[in-house]
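Breakdown of the fold
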Amino acid sequence: MTAEIIDGKAFAAKVREKVAVHVARLKADHDIQPGLAVVLVGEDPASQVYVRSKGKMTTEVGMNSYEHKLDVGTSEADLLALITQLNNDPSVHGILVQLPLPDHLNEDLVINSIDPAKDVDGFHISNVGLLATGQKSMVPCTPLGCLMMLRNHHGSLSGLDAVVIGRSNIVGKPMAALLLGDSCTVTIAHSRTKDLPDVVRRADIVVAAVGRAEMVPGDWIKKGATVIDVGINRIDAPERGEGKTRLVGDVDFATASQVAGAITPVPGGVGPMTIACLLANTVTACSRANGLVEPEGLTV
Amino acid sequence: MILAKSKGCSKAMNAPRAAVIDGRAIAAKLRAEVAAEAKELVAAGWKPSLMSISVGDAAAAEIYVRNQRKQAESTGVSYESRNYPAEISLEQLVGVIQGLNADPNVNGIIIQRPLPPHIPVKALQKAVHPLKDVEGMHPASIGNIVYNDLALGPCTAVASVEILKSLPLKMEGLDVTVIGHSEIVGKPIAFLLMGLGATVTVCHHMTRSVAMHSRAADAVFVAVGKPGLVTGDMLKPGAALIDIGINRIETPDGPRTVGDADFDSCAEVAGWITPVPGGVGPVTVATLMKNAVLATRMQMDHYRESYTIPAE
């Protein structure tokens, strides 16, 4: 049996299309233009690349993109003042502070100063608590993307056994909460789990988010299970020439794809979904802020 | 670990295998810790104090208020209760809570249930300042638990986990099954246990085979509200069973309070079991007092951090 490959790139494009349709409708019916503000402090090259591509995709779906690039030495007070200004700005529906922040800035304090309703990253402590207890919240982008792919593949997830490997704050824990919300029986496994292969073998859905290259082999996967691989690990690839590297997930794709029913590749699986979900969250936040119906299929 | 004395079972062969966990004794130990902590806080000029809010029919909440007051007084925590008329608006009540948030003589706010239909409990819980949230119901309090920052947690969930921690079991890698995924009990328990390093599985009414998961577990928590839901054959021999259910049932001998577990069959298989009543219940009220002193200390620290002028 060979698994169906879940094409994250194509699916992300569909999500962005849906966002664009909803944005157009907001403009046509209500004269509202959703806006996303991205705050970047300092000149970390990787962060600059992210921010640029977020800005580009934001305008591509028809939303306003506001970029705030601050000097690396920006004081906490100045950054908090900017966030307050964005919190109070009715044309800004989503605020994203690009992490990591320079060392002299308190990340928790900064994130928790964002209005939870505009917290499109879903990292505000109140959003964390709301999601964990199954209440309406802003949902972190990566797990939201995984959930969308699972819903798209299965239809209903109700009653399925799901195992999340990894208990990180940004993926594992919110993922577990989302799967519970969709009525899966959820197990959260991690580095302390006693018999990980056995736990994974029980699962109809496996979400791997640990950051260890190819740690889940095919013989851990139940036949026909759906495998979502969140890991992105760079490993040496001498077969491509000296000094070459390639990206792999937390799952050994070659063996797992022989057993699974469906699997996401790395790259091209979960990765492209993250920015698409950021845009989805912004249009959701905009709809909520204006007391309008939430866009269908773009949030939980 | 604190265990009850054997319940006078004369025939050794019929004796339950499980040790019955004495919630009242655990609660008494917890209260002694709270009393010591309260004494320290009083000496520092910060006497812990709780404020209870009830709306409408005061009699409905009276039994909780009386019990809480008794426990507060026995641990050196002051306790005041206020009742507001059923006609009060949500806005007025939120205003009351904002006043209490700003009142330095109040360290913890308790919102008694039931509330009139026009007062959604979540709106009030969200209005309580997270530092005064002794019931652990503010979204930020739950968020902190998810992030392993064990500050103020929902009392029943925290109490249940404290009971498990009192047993001679290593939390890291422990296989735990939680049956029931309610907002205030099942889900917070799952995140608390995850933070302690357990491998947690959460089951609920859509789970295909609860028994398959509960039989694989070293510890089982059940909080569903269905008497007899967990039976002995659903447990791994020697497992710990924490029963959070409280159900009133009719028996030929009159009404009785039972949990979600079939106590007799579970006691034959489990290694440890909490009785109902006398298990999780008493520890829950003691946890509220523990939260009161925790909240007071957090406020004291916050005050000192905010208003101490650093030395030149």
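Residues numbered from 1 in each chain as written. Chains lettered and ligands numbered in written order. Predicted model: local features only at pLDDT ≥ 70, side-chain atom pairs only at ≥ 80, totals over all residues.

It is worth spelling out the overall build of chain A at this point. Counting its regular elements, chain A contains ten helices and eleven strands. Seen through its C-alpha atoms, chain A measures out along the principal axes to roughly 55 × 45 × 35 Å. The contacts of chain A with a sequence gap of at least 6 include a subset with a gap of at least 24, amounting to 67%. (Helix = DSSP H or I, 4+ residues; strand = E, 2+ residues; numbered from the N terminus. Contact = placed C-beta atoms within 7 Å.)

From N to C terminus, chain B includes ten helices and eleven strands. In terms of overall size, chain B behaves like a compact globule, its C-alpha atoms giving a radius of gyration of 21 Å where 312 residues would be expected to give roughly 20 Å. Taking the principal axes of its C-alpha atoms as reference, chain B extends roughly 65 × 55 × 40 Å. By the burial criterion, 48% of the 312 residues in chain B qualify as buried. In chain B, 70% of the contacts between residues at least 6 apart in sequence involve partners at least 24 apart. (Rg over C-alpha atoms; globule rule 2.2 N^0.38 Å. Buried ≥ 20, exposed ≤ 12 C-beta atoms within 10 Å, placed from the backbone.)

Bringing the domain arrangement of chain B into the picture now. Under the domain assignment used here, chain B contains domain 1 (46-135) and domain 2 (146-282). Distance from the C-alpha centre of domain 1 of chain B to the C-alpha centre of domain 2 of chain B: 28 Å. (Domains from an automatic or database assignment.)

On to the domain arrangement of chain A. Each domain of chain A was delimited in the assignment, giving domain 1 (30-116) and domain 2 (141-272). Here the C-alpha centroids of domain 1 of chain A and domain 2 of chain A sit 30 Å apart.

Glancing now at the interface of chain A and chain B. Listed as interface residues are 24 residues of chain A and, on the opposing side, 26 residues of chain B. Among the elements of the structure, α5 (125-132), α7 (172-181) and β6 (185-189) of chain A are those that each provide at least two residues to the side of chain A that touches chain B. Here the residues of the side of chain A that touches chain B are counted per class, giving nine nonpolar, eleven polar and four charged. (Nonpolar A, V, L, I, M, F, W, Y, C, P; charged D, E, K, R; others polar.)

Time to look at the sheet that holds strand β1 (residues 19-20) of chain B. If you walk across this open sheet you meet the twelve strands as β1(A)-β11(A)-β8(A)-β7(A)-β5(A)-β6(A)-β6(B)-β5(B)-β7(B)-β8(B)-β11(B)-β1(B), and the pairing is mixed. On the outer flanks of this sheet lie β1 (4-5) of chain A together with β1 of chain B, each paired with one strand and no other. Relative to strand β6 (residues 199-203) of chain B, β6(A) runs antiparallel, the two sharing three bridges. When the bridges of β6(B) are listed, A:Ile188 appears paired with B:Val200. The strands that helix α6 (residues 141-154) of chain A touches are β7 (205-208), β8 (226-229) and β11 (262-263) of chain A; relative to β8(A), the one it contacts most, it runs at about 160°. In the packing of α7(A) onto the sheet, the strands contacted are β5 (161-165), β6 and β7 of chain A together with β6 of chain B, and the crossing angle to β6(A) comes to about 170°. (Pairing = 2+ DSSP bridges. Axes fitted to C-alpha atoms, helices over the stretch in contact; angles between N-to-C directions.)

Let's shift gears to the packing of helix α6 (residues 155-165) of chain B against helix α7 (residues 186-195) of chain B. All names here are of chain B. With their axes 9 Å apart at the nearest point, α6 and α7 run at an angle of 45° to one another. When the interaxial angle is binned, α6 and α7 end up oblique. Where α6 crosses over α7, the two elements pack in a sense that is right-handed. For the pair formed by α6 and α7, the contact residues are Ala157, Val158, Ser160 and Val161 on the first element and Pro188, Ile189, Leu192 and Leu193 on the second. Looking at the contact of α6 with α7, its residues break down into seven nonpolar, one polar and no charged. (Parallel < 35°, antiparallel > 145°, perpendicular 65-115°, else oblique. Left-handed = near helix turned anticlockwise from the far one by under 90°.)

Turning next to unusual backbone geometry. In this chain, B:Arg113 is followed by B:Pro114 through a cis amide linkage whose omega measures 5°. With respect to the helices and strands, B:Pro114 occurs in the loop between β4 (108-111) and α4 (121-127). Its identity as a non-glycine residue notwithstanding, A:Ser183 has a phi of 65°, on the positive side. Taking the number of C-beta atoms within 10 Å as the measure of exposure, A:Ser183 has 17 and is therefore partly exposed. In this structure, A:Glu214 is a non-glycine residue whose phi angle is positive, near 50°. Examined against the element boundaries, A:Glu214 turns out to sit in the loop between β7 and β8. Owing to 20 C-beta atoms within 10 Å, A:Glu214 belongs among the buried residues under this scheme.

This part takes up the pairing of strand β2 (residues 35-41) of chain A. Residues and elements named next belong to chain A. Counting buried residues in β2 gives seven out of seven residues, a clear majority hidden from the surface. Side chains Gly35, Ala37, Val39 and Val41 of β2 all project onto a buried face; the interleaved residues Leu36, Val38 and Leu40 project onto the opposite face, where all are buried too. Two strands pair when backbone bridges link them, and β2 and strand β3 (residues 64-70) are joined in this way by seven bridges, in the parallel orientation. In the sheet register, Leu40 faces β3, and the bridge partner there is Lys69. Running through helix α2 (residues 45-60), the crossover from β2 to the neighbouring parallel element β3 is right-handed. Pairing of β2 with strand β4 (residues 94-97) involves four bridges; the strand directions are parallel. In the strand pairing of β4, Ala37 is matched with Ile95. (Right-handed = clockwise from strand over helix to strand, strands pointing away.)

Residues and elements named next belong to chain A. The sheet built from three strands is open, its strands ordered β3-β2-β4 with parallel pairing. Since the sheet does not close on itself, it has two edges, and those belong to β3 and β4, each with one partner. Along the sheet, successive strands turn relative to each other by an average axial angle of 15°, direction set aside. Along the sheet, α2 contacts β2 and β3; its crossing angle with β2, the most-contacted strand, is approximately 170°.

Core analysis: the largest hydrophobic core is formed by 180 residues, its most contacted members being A:Val207, B:Leu241 and B:Ala270. B:Leu241 has contacts with B:Val220, B:Val230, B:Leu235, B:Ala261, B:Cys266, B:Ala270, B:Trp272, B:Ile273 and B:Thr274, leaving out every residue within four places of it along the chain. (Core = buried A, V, L, I, M, F, W, Y, C linked by C-beta atoms within 7 Å.)

Moving on, we come to the environment of A:Leu278. Residue and element names in this part refer to chain A. You can see Leu278 is positioned in helix α10 (residues 271-289). What makes Leu278 buried here is the crowd of 25 C-beta atoms within 10 Å. Between the C-alpha atoms of Leu278 and Asn106, which are 172 residues apart in sequence, the distance is 23 Å. Sequence-distant contacts of Leu278, that is, excluding residues within four places in its chain, are made with Lys54, Leu96, Val120 and Cys141.

Let us look at the packing of helix α1 (residues 23-43) of chain B against helix α2 (residues 58-75) of chain B. Residues and elements named next belong to chain B. Where α1 contacts α2, the two axes come as close as 8 Å, and the packing angle between them is 55°. By the angle between their axes, α1 is oblique relative to α2. Here α1 contributes Arg31, Val34, Ala35 and Ala38 to the contact with α2, which in turn contributes Gln71, Ser74 and Thr75.

Residues and elements named next belong to chain A. Here Gly94 lies in strand β4. In the structure, Gly94 is positioned 57 residues away from Ala37 in sequence and 6.1 Å away in space, judged by C-alpha atoms. Apart from residues no more than four positions distant in its own chain, Gly94 is found in contact with Leu36, Ala37, Lys118, Val120, Asn281, Thr282 and Ala285.

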